[in-house]
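Now for the letters of each chain:
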Amino acid sequence: GRASPPLAALSQVLRLERSRRTGIVFPLQKLERYLAPGTDTARFRLFQPGLAALQRAEALFRSDRGHPIDYVSSAVRMDHAPPPGLPEVCFIGRSNVGKSSLIRALFSLAPEVEVRVSKTPGHTKKMNFFKVGKYFTLVDMPGYGYRAPQDFVEMVEAYLQERRNLKRTFLLIDGVVGLQKTDNIAVEMLEEFGIPYVMVLTKIDRASRGVLLKNVLEIQEFVKENTQGCFPQLFLVSSVEFSGVHLLRCFVAHVTGNLPTVEAS
Ligand code: GDP
């Protein structure tokens, strides 16, 4: 298998000096000091696990012989989806938002996992199912965009409505460009069906601090004013630098019921 990239494991992150480590593990917290005094940051720390919880989550994402992590199958229709046996999370977002990169980063300690990408225009977009041992499944949903074909909307709608083992949907937003009109397709669908979801801001290494702050505050405001089902804490990630990836693994472990108690850091 491939070698894991640097900082893919917590043990590597722990060797960094404190401020850099905070930036990798809690990227949102790192931004706090640049906010105007009086800015409400209570929502920055709703999910803030300690090291022990982060380590237990990491163990779930590390494959070995007794704990295989595998691509299971792809499906274009719900009747082709694997049986809903385990708690499930799904990842959804515009094409190019960084979804496959993020899933690859999450699974970087299981280098045998192939995260497939089908980017050929006109190529049928599929839901890809991954199984993490006997603990949970993760679904890579097809990306949407300006010309999202009707069959895409139907596929995602059917999935969101019917999948009874779905515990949480992760809606990816590009950290450089922020919330776009097309993202509302997904937000409206999730709100309409009353599906619990959480927003993840991607590619944060590519956004300047000013842009990142603007996007974070805008999205936080949007979530507060316009949503019911969205978790109020935004997750920030960079699949290149591994920022936020450890925290996201921990949140996935938690929402799938595999880390019931998360002691705060
Ligand atoms: P998808 O269409 O949502 O699966 O997007 P990809 O994961 O293929 O990413 C789209 C483009 O953004 C690719 O060129 C990636 O290399 C780039 N990208 C994805 N994630 C990151 C990130 O965290 N940082 C940076 N700098 N680039 C990223």
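On a predicted model such as this, the values are computed, not experimentally measured, just so you know.

A.B. asks: I'd like a rundown of the overall build of the protein, residues and numbers included.
C.D. replies: From N to C terminus, the protein includes nine helices and seven strands. Computed over the C-alpha atoms, the radius of gyration of the protein is 18 Å, within 12% of the 18 Å expected from 2.2 N^0.38 for a compact globule of 265 residues. Burial status across the protein gives 51% buried among its 265 residues. When contacts within the protein are restricted to residue pairs at least 6 apart in sequence, long-range pairs at least 24 apart make up 76% of them. Summed over all atoms, the accessible surface of the protein reaches about 12,500 Å², with 50% contributed by carbon and sulfur.

A.B. asks: Please set out the environment of glutamine 220 residue by residue, giving values where relevant.
C.D. replies: Relative to the helices and strands, glutamine 220 resides in helix 8 (residues 209-226). The exposure class of glutamine 220 is buried, given its relative accessible area of 12%. If near-sequence neighbours (up to four positions away) are discounted, glutamine 220 is found in contact with Asp40, Arg43 and Phe44.

A.B. asks: Describe the side chain of asparagine 128, with residues and values.
C.D. replies: Looking at the element boundaries, asparagine 128 is found in strand 3 (residues 127-132). There is a polar contact of 2.5 Å between the side chain of asparagine 128 and the side chain of serine 74. Aside from chain neighbours lying at most four places away, what touches asparagine 128 is Tyr71, Ser73, Ser74, Arg116, Leu138, Val139 and Asp140.

A.B. asks: So what about the sheet that holds strand 6 (residues 197-202)? Which residues, and what values?
C.D. replies: What the seven strands build is an open sheet, ordered 1-3-4-2-5-6-7; its pairing is mixed. This sheet does not close on itself; its edge strands, each paired only once, are strand 1 (69-75) and strand 7 (235-236). In terms of strand pairing, strand 5 (residues 166-174) meets strand 6 through six bridges, oriented parallel. Directly across from phenylalanine 170, in strand 6, lies its bridge partner valine 198. The strands touched by helix 6 (residues 150-162) within the sheet are strand 1, strand 2 (88-93), strand 3, strand 4 (136-140) and strand 5, with strand 2 carrying the most contacts at an inclination of about 150 degrees. Running over the sheet, helix 8 touches strand 5, strand 6 and strand 7 and is turned about 170 degrees from strand 6.

A.B. asks: Explain the pattern of salt bridges to me, and be specific about the residues and the numbers.
C.D. replies: This structure, assessed with the given rule, holds nine salt bridges. Put simply, lysine 203 and aspartate 174 hold a salt bridge, and the shortest N to O gap is 3.3 Å. With lysine 203 in the loop between strand 6 and helix 8 and aspartate 174 in strand 5, the pair connects residues that are 29 residues apart, well separated along the chain. Here glutamate 218 makes a salt bridge to lysine 214, at a shortest N to O gap of 3.6 Å. Residue glutamate 218 and its partner lysine 214 are both found in helix 8; the two are separated by four residues, about one turn of the helix. The exposure class assigned to glutamate 218 is partly exposed, which follows from its relative accessible area of 43%. One continuous salt-bridge network, built from bridges that share partners, spans Glu58, Arg62 and Arg249.

A.B. asks: Outline the nonpolar core, supporting the account with residue identities and numerical values.
C.D. replies: Counting residues in each nonpolar core, the largest one holds 48 residues, and the members touching the most others are Phe91, Leu102, Phe107, Leu138, Phe170 and Leu248. Here this core gets eight residues from one element, more than from any other, and that element is helix 9 (residues 245-255). Excluding residues that lie within four positions of it along the chain, phenylalanine 91 makes contacts with Lys99, Leu102, Ile103, Leu106, Leu138, Val139, Asp140, Met141, Phe170, Leu172, Leu248 and Val252. In this structure, Ile173, Met189, Ala207 and Val223 belong to the second largest nonpolar core, which totals 42 residues.

A.B. asks: Residue-level account of the packing of helix 4 (residues 51-60) against helix 9, with values.
C.D. replies: The interhelical angle for the contact between helix 4 and helix 9, taken along N-to-C directions, is 80 degrees, at an axis separation of 8 Å. Put simply, helix 4 runs roughly perpendicular to helix 9. Across from Ala53, Leu54, Ala57, Glu58 and Leu60 in helix 4, the residues of helix 9 making contact are His246, Leu247, Arg249, Cys250 and Ala253. When grouped by side-chain class, the residues that make up the contact of helix 4 with helix 9 number seven nonpolar, one polar and two charged.

Conventions used here
Residues numbered from 1 in each chain as written. Predicted model: local features only at pLDDT ≥ 70, side-chain atom pairs only at ≥ 80, totals over all residues. Heavy atoms only, no water. Helix = DSSP H or I, 4+ residues; strand = E, 2+ residues; numbered from the N terminus. Rg over C-alpha atoms; globule rule 2.2 N^0.38 Å. Buried < 20%, exposed > 50% of the residue type's maximum accessible area, 1.4 Å probe, protein only. Contact = heavy atoms within 4.5 Å. Areas by Shrake-Rupley, 256 points an atom, 1.4 Å probe, with all protein chains shown as cover. Polar contact = N/O pair within 3.5 Å; in protein donor to acceptor, adjacent residues only side chain to side chain. Pairing = 2+ DSSP bridges. Axes fitted to C-alpha atoms, helices over the stretch in contact; angles between N-to-C directions. Salt bridge = Lys/Arg side-chain N within 4 Å of Asp/Glu carboxyl O. Core = buried A, V, L, I, M, F, W, Y, C linked by side-chain atoms within 4.5 Å. Parallel < 35°, antiparallel > 145°, perpendicular 65-115°, else oblique. Nonpolar A, V, L, I, M, F, W, Y, C, P; charged D, E, K, R; others polar.

Functional significance is not addressed by these values, which are geometric in nature.
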